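Listed below, chain by chain, are the residues.
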Amino acid sequence: MSILEAKNLAVSYGGVFIFDHLNLEIPEGKITVFIGSNGCGKSTLLRSLARLLKPAQGEIQLDGSNISSMPSKTLAKQLSLLPQGPVTPEGLTVLQLVKQGRYPYQSWLQQWSKEDEQAVHAAIHATGMEALTERSVDSLSGGQRQRAWIAMTLAQQTDIILLDEPTTYLDLTHQIDVLDLLHELNERDGRTIVMVLHDINLACRYADHIVAIQDGAVYTQGRPSDVIHPETIESVFRLKCQVISDPIYGTPMIVPQGKLRKK
Amino acid sequence: MSKYTPLRWNKTKLSFLIEKRTLWIIAALLVLCATLVVISTGIGSKYVSPLEVIQSIAGKGSSMNEVIIMKLRLPRILIAVLVGASLAVAGAVLQGIIRNPLASPDVTGITEGASLGTVLFVFFLSEKVSIQWAPLAAIGGAFVVTALLYLLSWKNGASPLRMILIGTGLSAAFKSISYMFIISGSFILANKSMIFMTGSIYGSSWEKDVSTLLPWVLILLPLTWIQSRHVNVQALGDDVAASAGANVQLHRLILLLLSVALAGAAVAIGGAITFIGLMAPHIARKLVGSSFGGLLPVSALLGALILLISDLIARTLFAPLDIPAGVFTAAIGVPFFLYLLYRNRNA
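Now for a description of the structure that goes with this document.

Definitions and limits used
- Residues numbered from 1 in each chain as written.
- Chains lettered and ligands numbered in written order.
- Predicted model: local features only at pLDDT ≥ 70, side-chain atom pairs only at ≥ 80, totals over all residues.
- Helix = DSSP H or I, 4+ residues; strand = E, 2+ residues; numbered from the N terminus.
- Rg over C-alpha atoms; globule rule 2.2 N^0.38 Å.
- Buried ≥ 20, exposed ≤ 12 C-beta atoms within 10 Å, placed from the backbone.
- Contact = placed C-beta atoms within 7 Å.
- Nonpolar A, V, L, I, M, F, W, Y, C, P; charged D, E, K, R; others polar.
- Pairing = 2+ DSSP bridges.
- Axes fitted to C-alpha atoms, helices over the stretch in contact; angles between N-to-C directions.
- Core = buried A, V, L, I, M, F, W, Y, C linked by C-beta atoms within 7 Å.

1. Side note on the overall build of chain B
And then number 1: Looking only at helices and strands, one finds 14 helices and two strands in chain B.
And then number 2: In terms of overall size, chain B behaves like a compact globule, its C-alpha atoms giving a radius of gyration of 21 Å where 347 residues would be expected to give roughly 20 Å.
And then number 3: Oriented by its inertia axes, the alpha-carbon framework of chain B measures out at about 60 × 55 × 40 Å.
And then number 4: The burial tally for chain B puts 48% of its 347 residues in the buried class.

Pasting the structure below:
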């Protein structure tokens, strides 16, 4: 198992500091969701955790060691990232895509070991893509495409999976489908899942731990029922709302105020 | 998954996953290429039957056929194969790492750099130094353009989009400089340079051309092929590649250098033959998909085929006039290029 944490992290982008002195520990084996308004830095934080951005100060630690000094392949065996709206090359099949998840385990002579084969099959099975392995990814529906990409990150066999807005561009049915799948992966294999979501209600349903980010700082964090109040939403999103209980799961559910005419 | 055959030698830990369809396509293209080599070697001012061509190649033909086949025609045919294959692979690599379907040695300025290198050589050095050194000037030119391309598109790493934009600009700039020399120079030098800039493999010989290009191709093609999985992972985007554990910038530089070396060597021998680097990988992708392990050999064979056919047309259609083969690769290439642009019009 692996513990991922940000220690005194500062990240700058084109000379402007997005974060300064940020400390955050990702709970192990849980689903953590980052929420926040556009441009608050939640994607930047996720990318820093995956070492795609170099900290200006501080560090990201995995099990106590600084990830920026770890060999790329070692890190890739423990932590994978699915970026927002990934693009597949023309004609690439699902199998060929999922196979790429084995990159950190391969060498130029060893490109399809028995372990590779097992991991790829397991990933395809876990995402329910068995019938579609020969289809080209660009011919699939949005939801299936996202499943194929998740299968690729699964083939990487990491304890921690980071996902940047995995439900963007999907209709509601497929959003639920993808989140159910991630929940299942977390339940069954105990994988740590960290993702950025826009939909607060879905975030409350699926997250064990919510991190609300505002202006490059952690505004509040904790269990959805503990942190999601009208005051939190008003500060983080500048949105007046009421918080009621989700009729199915009892998790917090926000109802935005808006300026619609009153009945 | 019966469409795939896993290849494993457990003792050496060697393991690959091979798609059967790709193997069949490679085999078919090999046969097609070999057949075309034999047939087109036979065609010319004196017709030699395919059987006699094979006899001559095996060293059992008549002495007259031997001279025609072995001395005059075969070197040129082999150069067509080598140049076509090199340009196609250079293009396939560029399209993979730049992730742009329009990327190719001629669009990113590599071909134009090599051309300018040769034009400068023709203008300033050809009276003092043997023409045998011209390939070095071409390869030098190709690398100068690449260095510029990298310098100008670097901003926390070389991004694919900046590379294609700056490459297009460099290509135009280098081409104009070449034309400036040609227009201002003497007629003979200008003519020599023009033929080179169109791309001609007229008068190829064993000693000068085949023996220069063959080692490059024999070393660079396998070297590029073993980089396949790096191309594959980069094709998924820089973020995905990096989080899968790839050293994206290092591999991009290595692959770019391999591509430049292949394109530079091919242009040095065959002149600025355009469109093969663009076209062959696209057709290959339609045949075997974009997985690079299969794409590379199929592109190479298709590149060889296109140049073989273009050169056959170029030297027979208006015989005894020998037109540069580059004219015909462009003639095939332009409609294809327009078709691609038309298809991508909404993208």
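Alright, that's what it looks like, and here's the rest.
2. Overview of the overall build of chain A
And then number 1: In terms of regular secondary structure, chain A is built from nine helices and 12 strands.
And then number 2: Taking 263 residues into account, the globule formula puts the C-alpha radius of gyration at 18 Å, and chain A, at 19 Å, falls close to it.
And then number 3: Counting only C-alpha atoms and orienting by the principal axes, one finds that chain A spans roughly 65 × 45 × 35 Å.
And then number 4: Here chain A holds 263 residues, and the buried ones make up 45% of them.
And then number 5: Within chain A, residue pairs in contact and separated by at least 24 positions form 64% of the contacts whose partners lie at least 6 positions apart.

3. Some points on the interface of chain B and chain A
And then number 1: The interface is formed by 27 residues belonging to chain B together with 33 residues belonging to chain A.
And then number 2: Elements that contribute at least two residues to the side of chain B that touches chain A include exactly β2 (14–19), α9 (228–234) and α10 (238–243) of chain B.
And then number 3: Among the residues making up the side of chain B that touches chain A, the classes are represented as 13 nonpolar, nine polar and five charged.

4. Let's talk about the sheet that holds strand β7 (residues 160–164) of chain A
Residues and elements named next belong to chain A.
And then number 1: Taking strand neighbours across the sheet as the criterion, the six strands line up as β6-β7-β8-β3-β9-β10 in an open arrangement whose pairing is mixed. Either end of the sheet is taken by a strand with one partner, and the two such strands are β6 (79–82) and β10 (217–222). Each neighbouring strand pair of the sheet contributes to a mean axis angle of 15°, computed without reference to strand direction.
And then number 2: Taken together, the four bridges between strand β3 (residues 31–35) and strand β8 (residues 192–196) define a ladder with parallel strand orientation. Of the residues in β8, the one forming a bridge with Phe34 is Val196.
And then number 3: Set on the sheet, helix α1 (residues 42–49) makes contact with β3, β7, β8 and β9 (209–214); between it and β8 the angle comes to about 145°.

5. Examining unusual backbone geometry
All names here are of chain A.
And then number 1: The backbone phi angle of Asn8 is positive, close to 50°, even though this residue is not glycine.
And then number 2: Along the polypeptide, Asn8 turns up in strand β1 (residues 4–13).
And then number 3: Notably, Gln157 is not glycine yet its phi reads approximately 50°, a positive angle.
And then number 4: Mapped onto the fold, Gln157 is located in the loop between α5 (142–155) and β7.

6. What about the nonpolar core?
Burial of nonpolar side chains together is a common tendency in soluble globular proteins.
And then number 1: Among the nonpolar cores identified, the biggest contains 164 residues, and A:Val33, A:Val98, A:Ala151, A:Leu162 and B:Val83 are the most heavily contacted of them.
And then number 2: The biggest single contributor to this core is helix α3 (residues 63–98) of chain B, with 17 residues.
And then number 3: Ignoring any residue separated from it by four or fewer positions in sequence, one finds A:Leu162 in contact with A:Leu46, A:Leu49, A:Ala50, A:Leu79, A:Leu81 and A:Val194.

7. A word on the sheet that holds strand β5 (residues 65–66) of chain A
What holds strands together in a sheet is hydrogen bonding between their backbones, with the strands either parallel or antiparallel.
Residue and element names in this part refer to chain A.
And then number 1: Strands sit in the order β2-β1-β4-β5 across an open sheet of four strands; the sheet is antiparallel. Each having just a single partner strand, β2 (16–26) and β5 make up the two edges of the open sheet.
And then number 2: Sheet topology note: the β1/strand β4 (residues 57–62) ladder contains five bridges and is antiparallel. In the strand pairing of β4, Lys7 is matched with Glu59.

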